[in-house]
Structure formats: structure tokens, C-alpha cells
Amino acid sequence: PGGRAGDSPAPRRLSTASSSCAPSPIPPQRAGSQGPAAAAAGAGERGLTRTSSADLASSRLPRRPSRDNLAPASRQREASGGPSAAAAALPTSARALVLTFELGEPRIPKQNRQQRERCQYWGPEPIPAEHLHSMKDTWKQCVDERVFKAMFSDKMEEQLAALQSWKFKVQEQSCSIEHVLDLLLKWLTYLLMNANTQIWKAIVEVLGCILSQVEASGCQLSEREAQILMPNLLERSGHNIAAIRESMEVLLRHVLAVHPRLRILPMLLQGLLSKNKRSVACAMRCLAEAQDRQLAAALVRSQKDVTLILKAADDKDADVRKSAVQVLASLA
């Protein structure tokens, strides 16, 4: 009060109560307004050094980051559950790209498609280019262009967004994915060839949702769907990260609940031939988990299969030996 024309306005005094709390974020300066240094200079001329020092101190406080810049862990703490909690695990760019879409019908019905592709190879070794091309052509009939591009993008953020979008789609009570389940399993196992850990974790989450929904509905995987999924899960269960290996074993136990065990047996025995000892040990544990009277009888009738397990019991790898002994004990 009483200042000369052109002087800076006197800074606001901080009360005793407000000084004990965390200072609020400082809004950006309006065009034409004076900065903190100019305000301090004007205040010094009026002998208000103490108040202007407090103002300067508050001006040096870091700005509170916007919600979009918060770390995923902070976003997850803020989430209250449901889709927002699941989305919190993704990077900010991926969360912004979660897509909603309508799921169309392929031109070739599922039963005809699976009959035609019953001998088509789908992993765990590299998938032939013509098979990949056929899958992509079929997906173009089912989803719109933006979803298709995200599903087959080379960018990790877009792949994560596609995976998260499919997770929400699977969780929708009103949505049936049964008519494209074989295609969805193809896409997910194709992505397992990606070495990125975040992609792997997102794939495991989507597969967990799919298998849980299949089991809860009392349905079963078709023979073709099991052929797509099981060999890839068994081979990738040898991942060098323990948490991913454990997640893969959980998925394999889910498959045992949604497909006849006798039909899974040849796939498990094939998994014992993997070059990855961790994958062999996982396949052996899954074989022990699948043991019932029928499966044990089928194993005992095949001398070749029993010899394979006996050979594994003498393997140099301790985990393989332990798992093989467990299987042999269940056969005794």
C-alpha cells in the first residue's frame, strides 16, 4: 500500500498454519507478470525482506508432476481396482493407447479353419512365413485397422497397448472370443518369440485370463488350440527369469484342466526332448502333475516313453533328475 506506480505488488504473506504444511504447487506465471526475483527486489525496497524470502523459497520448490508423468507404481497405488488397476502396470504411452473395438467374424468358420490347418506347424521353432501371412490376413477380417497395426507393430508400446486391449476384451462378460480363440492363441504364441520381458509378462496375463474364462465356462480347448499352445508354453517355460518360469507352469496347469490329459501326453513327451534343461524339467513336472490312472497306464504300455523318463533320471541336471524320479515314483 502506498507504493509508487510501476512498483511490483507486495508478495502474499504465509500464515503460521500454512507454513507447517507441504506447499502447494506454484501455478505457471501469466504473460506479462513479474518473476520471483523482480518481486523480491520490489519487496526489498519496502522493507519486507522476511516475507519475500519465504516467497523465494516457495518458488524454488519443484513443481508437482502431472498425473501422466507419474511412475507406473504410483499410478498403481492410485488405482482403485478393475481395468484401471490393470492398466496402471503399463507405461504411460501404452495406457493412453488402450483400444476399444468390435470383434468381427472371419470369413472361414472356426471348425473349417482348424480342419484345414490341423497339420500346420506353429512353433516353438520359427513359424513359416506363409503361415504368419495367413494368420494376418484372417485377423484383418476380425479387427479394425488401428487394432491390427498395434497387434503386429514393431514398437513395444503399441504391442503392450494391443495386449492390454485384448485383456479387457477377454474380461468383458458380454464378449465371446470362442470363434477366434485359435487365432488369438496363434498371435500370443507368436509374440512369445519377442525377447522383451514386459511383452512376456503381458502375454502371460492375457493367457491367464483366457484359460480362466475357458475353465470357468466349463468349455475345453480344441485339439488344434492345444497343439498351438502347449508346445510353445513348454519350450518357453525355460525362461531365464524365475518369475516367468513359474507363471508358465501355472498356465500349463490351467491347460491340464481344459483339455483331456491323454491328448496332452504326446506334447509333454515331446517337451522332454528340448535342448533347454529348464524346459525339460518343467515338462517333467507337468507330466507328474498330469498323472492319473489312465495316463499312467498309457505311459507304462509304451516302452519308448518309459525309457525316455529313465534316461532323464540319470541326467546331469539336478532339477531334471528330481522331476524324473517323481514321475517314476508315480508310475510304481
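Here the structure is shown first, and the text comes after it.
The shown structure was predicted, so the numbers you read here are calculated from the model rather than taken from an experiment.

What counts and what doesn't
Residues numbered from 1 in each chain as written. Predicted model: local features only at pLDDT ≥ 70, side-chain atom pairs only at ≥ 80, totals over all residues. Heavy atoms only, no water. Helix = DSSP H or I, 4+ residues; strand = E, 2+ residues; numbered from the N terminus. Contact = heavy atoms within 4.5 Å. Areas by Shrake-Rupley, 256 points an atom, 1.4 Å probe, with all protein chains shown as cover. Core = buried A, V, L, I, M, F, W, Y, C linked by side-chain atoms within 4.5 Å. Buried < 20%, exposed > 50% of the residue type's maximum accessible area, 1.4 Å probe, protein only. Salt bridge = Lys/Arg side-chain N within 4 Å of Asp/Glu carboxyl O. Polar contact = N/O pair within 3.5 Å; in protein donor to acceptor, adjacent residues only side chain to side chain. Phe/Tyr/Trp six-rings, centres within 6.5 Å; stacked < 30°, edge-to-face > 60°. Lys NZ or Arg CZ within 6 Å of the ring centre and 35° of its normal. Axes fitted to C-alpha atoms, helices over the stretch in contact; angles between N-to-C directions. Parallel < 35°, antiparallel > 145°, perpendicular 65-115°, else oblique. Left-handed = near helix turned anticlockwise from the far one by under 90°. Nonpolar A, V, L, I, M, F, W, Y, C, P; charged D, E, K, R; others polar. Expected span 1.5 Å × (residues − 1). Arc of directions from axis to C-beta.

A.B. asks: Run through the overall build of the protein chain, naming residues and quoting values.
C.D. replies: Each helix and strand in the protein chain was counted, giving 19 helices and 0 strands. Within the protein chain, residue pairs in contact and separated by at least 24 positions form 71% of the contacts whose partners lie at least 6 positions apart. Accessible surface for the protein chain amounts to roughly 18,700 Å². Of this, 52% is attributable to carbon and sulfur atoms.

A.B. asks: So what's going on with the nonpolar core? Residues and values would help.
C.D. replies: Counting residues in hydrophobic clusters, the biggest one holds 80 residues, and the most contacted among them are Trp139, Val143, Trp166, Ile177, Trp187 and Leu287. For this core, the leading source of residues is helix 12 (residues 197-216), giving 11 residues. Apart from the residues lying within four places of it in its own chain, the contact partners of Leu287 are Leu265, Leu268, Leu269, Leu272, Leu295, Leu299, Ile309 and Val327.

A.B. asks: How would you explain the pattern of salt bridges if you had to name every residue and give the values?
C.D. replies: Within the structure shown, the criterion is met by 12 salt bridges. In this structure, the salt-bridge partner of Glu225 is Lys110, at a minimum N-O distance of 2.4 Å. Taken together, the residues span a long stretch of sequence, with Glu225 in helix 13 (residues 223-236) and Lys110 in helix 7 (residues 110-116) at a distance of 115 residues. Lys110 shares its class with Glu225; the two are buried. Here Lys167 and Glu205 are joined by a salt bridge, their closest N and O atoms 3.1 Å apart.

A.B. asks: Provide a residue-level description of the environment of Trp187, including the pertinent values.
C.D. replies: Relative to the assigned elements, Trp187 resides in helix 11 (residues 181-191). Separated by 52 residues in the primary sequence, Trp187 and Met135 place their C-alpha atoms 8.1 Å from one another. Excluding its chain neighbours within four sequence positions, the residues that come into contact with Trp187 are Met135, Trp139, Met151, Phe152, Ala162, Leu163 and Trp166.

A.B. asks: An account of the side chain of Ser274 is requested, with residue identities and associated values reported.
C.D. replies: Inspection of the secondary structure assignment puts Ser274 in the loop between helix 15 (261-271) and helix 16 (277-290). Of the residues examined, Ser274 reaches a relative accessible area of 15% and is grouped as buried. Reaching out from Ser274, the side chain makes a polar contact with the side chain of Glu235 at a distance of 2.8 Å. In contact with Ser274, not counting residues within four places along its chain, are Glu235, Ser279 and Val280.

A.B. asks: Which residues make up the packing of aromatic side chains, and what values do they have?
C.D. replies: Scanning the entire structure with this criterion turns up 4 aromatic pairs. Measuring from ring centre to ring centre gives 5.1 Å for Phe101 and Trp166, while their planes differ by 65°; the resulting arrangement is edge-to-face. Taken together, the positions of Phe101 in the loop between helix 6 (92-95) and helix 7 and Trp166 in helix 10 (residues 156-171) put the pair 65 residues apart, joining distant regions of the chain. Looking at Phe101, the relative accessible area reads 6%, which means it is buried. Relative to Tyr190, the ring of Phe152 lies with its centre 6.4 Å away and its plane at 40°, an arrangement referred to as tilted. With a gap of 38 residues between them, Phe152 in the loop between helix 9 (145-151) and helix 10 and Tyr190 in helix 11 connect regions that are remote in the sequence. Residue placement shows Lys186 over the ring face of Trp122; its charged tip is 4.8 Å from the ring centre.

A.B. asks: I'd love a proper account of unusual backbone geometry, names of residues and values included.
C.D. replies: Cis peptide bonds are those with omega within 30 degrees of zero, and the linkage from Gly123 to Pro124 qualifies with 10°. As for its placement among the helices and strands, Pro124 is situated in the loop between helix 7 and helix 8 (129-140).

A.B. asks: Can you tell me about the environment of Ala281, naming the residues and giving the values?
C.D. replies: In this fold, Ala281 is placed in helix 16. The class of Ala281 is buried, set by a relative accessible area of 0%. Separated by 40 residues in the primary sequence, Ala281 and Arg321 place their C-alpha atoms 8.1 Å from one another. When near neighbours in sequence (up to four residues on either side) are disregarded, Ala281 contacts Asp319, Val320 and Ser323.

A.B. asks: Before we move on, could you go through the packing of helix 15 against helix 16 and cite the residues and values that matter?
C.D. replies: At a minimum axis distance of 9 Å, the contact between helix 15 and helix 16 shows a crossing angle of 155°. On the basis of their axis angle, the class for helix 15 and helix 16 is roughly antiparallel. Seen from above, helix 15 lies across helix 16 with left-handed handedness. Facing Arg261, Leu265, Leu268, Leu269 and Gly271 of helix 15, the residues of helix 16 in contact are Val280, Ala283, Cys286, Leu287, Glu289 and Ala290. When the residues that make up the contact of helix 15 with helix 16 are grouped by side-chain class, the tally is 8 nonpolar, 1 polar and 2 charged.

A.B. asks: Talk me through helix 8; I want residue IDs and the actual numbers.
C.D. replies: Taking 1.5 Å of rise per residue, 12 residues should cover 16 Å, and helix 8 covers 17 Å from first to last C-alpha, within 8% of that figure. Those residues of helix 8 lying buried are His131, Leu132, Met135, Thr138 and Trp139. In an axial view of helix 8, the angular spread of the buried residues amounts to 125°, which keeps them on one side of the axis. The exposed set on the far side of helix 8, more than 90 degrees from its buried face, consists of Ala129, Glu130, His133 and Lys140.

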